[in-house]
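# Breakdown of the fold
Residues per chain, in single letters:
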Amino acid sequence: QVQLVESGGGLVQPGGSLRLSCAASGYTFSSYAMGWFRQTPGKEREFVSSISWGGSVTAYADSVKGRFTISRDNAKNTVSLQMNSLRPGDTAVYFCARARTLYVDINTRAYDAWGQGTQVTVSS
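Residues numbered from 1 in each chain as written. Predicted model: local features only at pLDDT ≥ 70, side-chain atom pairs only at ≥ 80, totals over all residues. Heavy atoms only, no water.

## Brief notes about the environment of Pro-41
Rules: Helix and strand labels come from DSSP, where a helix needs a run of H or I of at least four residues and a strand needs a run of E of at least two; each type is numbered from the N terminus. Each residue is assigned to one of three classes by its accessible area relative to the maximum for its type, calculated with a 1.4 Å probe on protein chains only: buried under 20%, partly exposed between the two thresholds, exposed over 50%.
With respect to the secondary-structure elements, Pro-41 resides in the loop between β4 (34-39) and β5 (46-51). Look at Pro-41 and you get exposed, because its relative accessible area is 81%. Sequence spacing of Pro-41 and Ala-75 is 34 residues, and the spatial spacing of their C-alpha atoms is 35 Å.

Written out as structure tokens, the structure is:
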């Protein structure tokens, strides 16, 4: 049974940093790309970042490029999202997801398993 569990969300002031982690279990982690998405009430889930199976290829939404960094540890079955220079507009529930293939993808339809989400609130 595929399971993805996010952690690391919370309340942070503008300009601050948070590190989200996602622990995966129930499948061969290194055989799939992974992604992070976010969602706010009344809006569709949006792509944040994706990383290929081996970690050599990454992709970012324009809104987070240069501020967020995705990484993975295939030995520990984890994927992380380091978020720096946070802005109020980054406030959302952040979801970890497993891609259907080895390769990065920005589309939600390319992902077949999702975590429960972790709340990130950026506010003074």
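## Let's talk about the packing of aromatic side chains
Aromatic ring pairs are described here by two measures, namely the spacing of the ring centres and the angle between the planes. Put simply, the test is: The aromatic pairing rule takes the rings of Phe, Tyr and Trp, using the six-membered ring of Trp, and pairs them if the centres are within 6.5 Å, calling planes under 30 degrees apart stacked, those over 60 edge-to-face and the rest tilted.
For the coordinates displayed, the defined rule picks out six aromatic pairs. Arranged with centres 5.7 Å apart and planes meeting at 75°, the rings of Phe-37 and Phe-47 form a pair that is edge-to-face. Highlighted residues: Phe-37 in strand β4 and Phe-47 in strand β5, separated in sequence by 10 residues. With respect to class, Phe-37 is no different from Phe-47; both count as buried. Aromatic ring contacts, followed pair by pair, group Phe-37, Phe-47, Tyr-111 and Trp-114 into a single cluster.

Bear in mind that shape data such as this cannot, by itself, settle questions of function.
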